[in-house]
There are 2 protein chains.
Amino acid sequence: MSEYDATLFANEVFYRAFADRDFAAMEEIWSSGATVVCIHPGWTALVGYTEVMASWRRILANRNAPAIACHQAEAFVYGEVAFVVCYEQIDDNFLVATNIFRRENGRWKMVHHQAGPSAPPPSDDDEDSDEPAPRPN
Amino acid sequence: MSEYDATLFANEVFYRAFADRDFAAMEEIWSSGATVVCIHPGWTALVGYTEVMASWRRILANRNAPAIACHQAEAFVYGEVAFVVCYEQIDDNFLVATNIFRRENGRWKMVHHQAGPSAPPPSDDDEDSDEPAPRPN
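Residues numbered from 1 in each chain as written. Chains lettered and ligands numbered in written order. Predicted model: local features only at pLDDT ≥ 70, side-chain atom pairs only at ≥ 80, totals over all residues.

A.B. asks: Please give an account of the sheet that holds strand β1 (residues 37-39) of chain B that cites residues and values.
C.D. replies: All names here are of chain B. One open sheet holds the six strands; their spatial order is β2-β1-β6-β5-β4-β3, and the pairing between them is mixed. Of all strands in the sheet, those with a lone pairing partner are β2 (46-47) and β3 (68-78), marking the two edges. Pairing between β1 and β2: two bridges, direction antiparallel. What sits directly across from C38, in β2, is L46. Relative to β3, helix α1 (residues 3-19) is tilted by about 150°, and along the sheet it contacts β3, β4 (81-90), β5 (93-104) and β6 (107-117). (Pairing = 2+ DSSP bridges. Helix = DSSP H or I, 4+ residues; strand = E, 2+ residues; numbered from the N terminus. Contact = placed C-beta atoms within 7 Å. Axes fitted to C-alpha atoms, helices over the stretch in contact; angles between N-to-C directions.)

So, in structure tokens, the structure goes:
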């Protein structure tokens, strides 16, 4: 498996843990050696494994939460660090996410996650889609 | 200068270019060798130098835009790659940003930027601030 594919696989593991409300798998995919950072949509940044895992424990404990699905993941690998950009679909709403991974003992571990509101992702046959709204500044 | 400080300096260069509407400086801080990605708030991801720079050219051309200021930048350096998490203030509104840099010929160059809505950043003496709203899923 190429490092590109391995990074996308790690990204899939993250979303599988998220979708399955599998806290043990969520703990496992995050780095326990690095200072991890997590930015949930609309939140401020959480820094450190304990704080980040506390947030996931609370999120994954919500059994009535809607399903999450990951779309159009693309990886950018730079040696021992890689990041993945993908879209998260929750019902009919979309978020766009940046997920950063670091290779630790041969395995890609998540060190950072940010998700924020997005327009629906462009489909592959939709190159001429409407232009997004201008940045407010 | 430590690599930590050098990364924060590169982050400052980015926000200085942004605040000054300095397109040449904005072009200069982004990597022209890597596949760059930029996620403006509410937009989908822009991929590639040409598309990303076109977005900045348009944003920086808006002379009536409010000022932007960067707060509480924190860097996480992993060898040749680093990321910075910081808050962007535009008038009374806050965004939280992830900025990824790669070392190219001894200089830190931006390869990724994502900004999304945030609560106001916690102040240093505000450890007991209200808990952020729960993630909607």
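Once you've had a look at it, read on.
A.B. asks: Break down the relation of the copies chain B and chain A for me, citing the residues and quoting the values.
C.D. replies: At an RMSD of 0.0 Å, chain B and chain A line up after a rotation of 180° and a shift of 0.0 Å along the axis. In short, the pair behaves as if placed about a two-fold rotation axis. Taking C-alpha positions as the reference, the residue of chain B nearest the rotation axis is G116 of chain B, at 2.6 Å. (Least-squares fit on C-alpha atoms with pLDDT ≥ 70 in both.)

A.B. asks: Break down the pairing of strand β6 (residues 107-117) of chain A for me, citing the residues and quoting the values.
C.D. replies: Each regular strand carries side chains that alternate between the two faces of the sheet. Residue and element names in this part refer to chain A. Summarising burial for β6: eight of the 11 residues are buried, a large majority. Bridge count between strand β1 (residues 37-39) and β6: three bridges; the pairing is parallel. Directly across from V37, in β6, lies its bridge partner H112. (Buried ≥ 20, exposed ≤ 12 C-beta atoms within 10 Å, placed from the backbone.)

A.B. asks: Give me the lowdown on the interface of chain B and chain A, citing residues and values where you can.
C.D. replies: In this assembly, 38 residues from chain B lie in contact with 38 residues from chain A. Elements represented by at least two residues in the side of chain B that touches chain A include exactly β1, β3, β4, β5 and β6 of chain B. Here the residues of the side of chain B that touches chain A sort into 24 nonpolar, 11 polar and three charged. (Nonpolar A, V, L, I, M, F, W, Y, C, P; charged D, E, K, R; others polar.)

A.B. asks: Which residues make up unusual backbone geometry, and what are the values?
C.D. replies: Positive phi values are uncommon outside glycine, yet D91 of chain A reaches one of about 55°. Accessibility expressed as a C-beta count within 10 Å gives 11 for D91 of chain A, which makes it exposed.

A.B. asks: Any chance you could break down helix α1 (residues 3-19) of chain A for me, citing the residues and the numbers?
C.D. replies: Residues and elements named next belong to chain A. Here α1 contains 17 residues, and its C-alpha end-to-end distance of 24 Å stays within 8% of the 24 Å for a straight helix at 1.5 Å per residue. Considered for burial, the residues of α1 that qualify are T7, L8, A10, N11, F14, A17 and F18. Against α2 (23-29), β3 (68-78), β4 (81-90), β5 (93-104) and β6 lie the buried residues of α1. Looking one or two residues beyond α1, the residue adopting positive phi is R21, at roughly 55°. (Expected span 1.5 Å × (residues − 1).)

A.B. asks: If you had to explain the confidence of the model for chain A to someone new, which residues and values would you point to?
C.D. replies: For chain A, mean pLDDT is 91; residues scoring 70 or higher make up 90% of the total. Low confidence marks residues 126-131 of chain A, where pLDDT is under 50. Its contacts with residues over four positions away, or in another chain, come to one contact. (pLDDT = per-residue confidence, 0-100.)

A.B. asks: Explain the sheet that holds β4 of chain A to me, and be specific about the residues and the numbers.
C.D. replies: All names here are of chain A. Read from one edge of the open sheet, six strands run β2-β1-β6-β5-β4-β3, paired in mixed fashion. With one partner strand each, in any of the chains shown, β2 (46-47) and β3 form the two edges of the open sheet. Relative to β3, α1 is tilted by about 150°, and along the sheet it contacts β3, β4, β5 and β6.

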